[in-house]
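Report on the structure
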Amino acid sequence: MQPGETPAVRSGESRWPEVRLPGFEGSLETRFQQVESGALDARAVPVGAAVRQVLEHLRSERELDLEQATAFLGLMARLLDTKTRALVPSEPEAAPPPADAGEPEGAGAEELVERLLAYRAFKEAAGLLRRYEAEQAQRFPSGGAEPAEHTLRSDDVGLEELLAAFQRIWERASALEPREIPRERLTVAKRMVDLVEALRAADGHLTFTALFAGEPSRREVVVTFLALLELVRQGRVRLRQEVAFGEISIRLEEGDGGERR
Amino acid sequence: MSGGASGFTEAGAPRPGQLPVPGLPPNRLVPLLEAVLFAATEPVPVRRLAEIAGVSEGQVEAALAELRGRLEEPAHGVELLRVAGGYRLFTKKAYAPYIEALLQPERTQLSPAALETLAIIAYKQPITRGEIEAIRGVQCDHTIKTLLDRQLIREAGRRDGPGRPILYATTPLFLERFGLSDLKELPPPESFLARDGGAG
């Protein structure tokens, strides 16, 4: 049985959509490798059109393959980077690159080529691992399945798994929350009553900063602020600022203020 | 037999809790190792096999070579391979379709992104996520998590420096899954660059 024919196996290469463009046809990945190795001039690659075609392909798929989509994004970004560098004229003051066979494209180009070569080497190594994997997959070990097979087949994590993971993190975060809540449960309604009482005790006048005296938690700050906004909306307090960026004063509107809407 | 001086019964099995005699007949060592490896659920290092059988590592090596040779014959459906620093019995490739019919394994191949990341880790380990991302040019959190979940890589401490980033390295399972006995079996990195890359 050939590695590619193994059931329940998705071949990595065939997942890449075919791109039909003048001078740029076939598997996107293969063409990109040619650009990386210099066999194909990056300047001749119509990146925009390629992007549109692949996006079309992605949309036509029944399920969004996140792995494929991200891999594609990375590929296009590097292609764009390579093309941009090729299009920008090389700086004259830059030291002439050593007598390489390739086209001199400035100081950055050399580093880029270096990087792409390193990356390409690992891509080839990945191809080798793929062959090793396919070969070894045809041998079944003594004592049964590998331990890894018991774990989630996380290779194709879908939205559901992502949501579940998020849910767990959210629950964990929520579980931590009570530690921040003071003994007395904090509500906007209660804080509104508190504020009015505090204003009365201070002859109906307080500064904005006085409301947040002490060391209030972030939660307290938020609740107090919301309570204040609500009191303003109900017309029960009035805010005034004498100078720009100055202290904001809060004045209690007693009597008719409560009924006014 | 219970009070006998010999650690081995007629069938060649050691009694529990007692070390086998050193003078195990050579013709017993091969089937003994075969039985142990048949029951094993992971690759067994030669040192461990020597301990179990109560013989020298050299004797184990010799017996394993013999076993390996015997199993290579078409009369046998399993073979002996050296993987992840130990020995393990595997079914022969030719019978894979039949094993699959029996077990219906749900093996999913690694994605190209995961394989790339794995290749980088295999060659550059221990390596941080940042360093992997610098090579691949894309974020790798997801693929690293995939590889961790599949126990192909593991966290191997932290690098000294800002943020003390986690280092990643491959696991024995990685070696086994890819049929390698040792990381040294991977072709040298230069072999990938040598071809047409150097000329360009």
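Summary of the structure given here. Worth saying up front: this structure is predicted, and the values here are computed from it rather than measured.

What to know about the overall build of chain A
Broken down by element type, chain A carries 8 helices and 5 strands. Along chain A, helices and strands appear, N-terminal first, in the series β-β-α-α-α-α-α-α-β-α-α-β-β. Taking all 261 residues of chain A together, 33% fall into the buried category. Look at the contacts in chain A between residues 6 or more apart in sequence, and 60% of them connect residues 24 or more apart. Of the roughly 16600 Å² of accessible surface on chain A, 55% is carried by carbon and sulfur atoms.

As for the nonpolar core
Membership of the largest hydrophobic core comes to 31 residues, with the highest contact counts inside it found for Leu129 of chain A together with Leu110, Leu118, Leu147, Phe174 and Phe178 of chain B. Breaking this core down by element, the ones donating at least two residues are α4 (107-136) of chain A together with α5 (112-124), α6 (129-136), α7 (141-149) and α8 (172-177) of chain B. Residue contributions to this core peak at 8 residues, all from α5 of chain B. Formed by 20 residues, the second largest nonpolar core is a distinct cluster that contains Val30, Val60, Ala63 and Leu71 of chain B.

Looking at the packing of helix α2 (residues 47-60) of chain A against helix α3 (residues 66-87) of chain A
Residues and elements named next belong to chain A. Orientation of α2 relative to α3, taken along the N-to-C sense of each, is 175 degrees, at an axis distance of 11 Å. Relative to α3, the element α2 lies roughly antiparallel. Contacts between α2 and α3 involve Val47, Ala50, Val51, Val54, Leu55, His57 and Leu58 from the first element and Gln68, Ala69, Phe72, Met76, Leu79, Leu80 and Lys83 from the second. When its residues are assigned to classes, the contact of α2 with α3 shows 11 nonpolar, 2 polar and 1 charged.

Examining empty space enclosed by the protein
Counted according to the given criterion, the structure contains 4 cavities of 30 Å³ or more. A volume near 100 Å³ is recorded for the largest cavity. Lining the largest cavity are 13 residues, with Ala71, Tyr119 and Lys123 of chain A together with Glu116 and Arg136 of chain B sitting closest to its centre. At the level of elements, α3 and α4 of chain A together with α5 of chain B are the ones that each hand at least two residues to the lining of the largest cavity. No other element matches α3 of chain A, which puts 4 residues into the lining of the largest cavity.

Comments concerning the environment of Arg219 of chain A
As for its position among the elements, Arg219 of chain A is in helix α8 (residues 218-233). Measuring from C-alpha to C-alpha, the distance between Arg219 of chain A and Leu186 of chain A comes to 8.5 Å, with 33 residues separating the pair along the chain.

Basis of the calculations
Residues numbered from 1 in each chain as written. Chains lettered and ligands numbered in written order. Predicted model: local features only at pLDDT ≥ 70, side-chain atom pairs only at ≥ 80, totals over all residues. Heavy atoms only, no water. Helix = DSSP H or I, 4+ residues; strand = E, 2+ residues; numbered from the N terminus. Buried < 20%, exposed > 50% of the residue type's maximum accessible area, 1.4 Å probe, protein only. Contact = heavy atoms within 4.5 Å. Areas by Shrake-Rupley, 256 points an atom, 1.4 Å probe, with all protein chains shown as cover. Core = buried A, V, L, I, M, F, W, Y, C linked by side-chain atoms within 4.5 Å. Axes fitted to C-alpha atoms, helices over the stretch in contact; angles between N-to-C directions. Parallel < 35°, antiparallel > 145°, perpendicular 65-115°, else oblique. Nonpolar A, V, L, I, M, F, W, Y, C, P; charged D, E, K, R; others polar. 1 Å grid on protein atoms, 1.4 Å probe; cavity = no way out; pocket = protein on both sides within 12 Å on 5 of 7 lines; lining within 4 Å. Points joined across faces, edges and corners; volume = space filled by probe spheres on them.

Without other data, these values stay purely geometric and don't point to any function.
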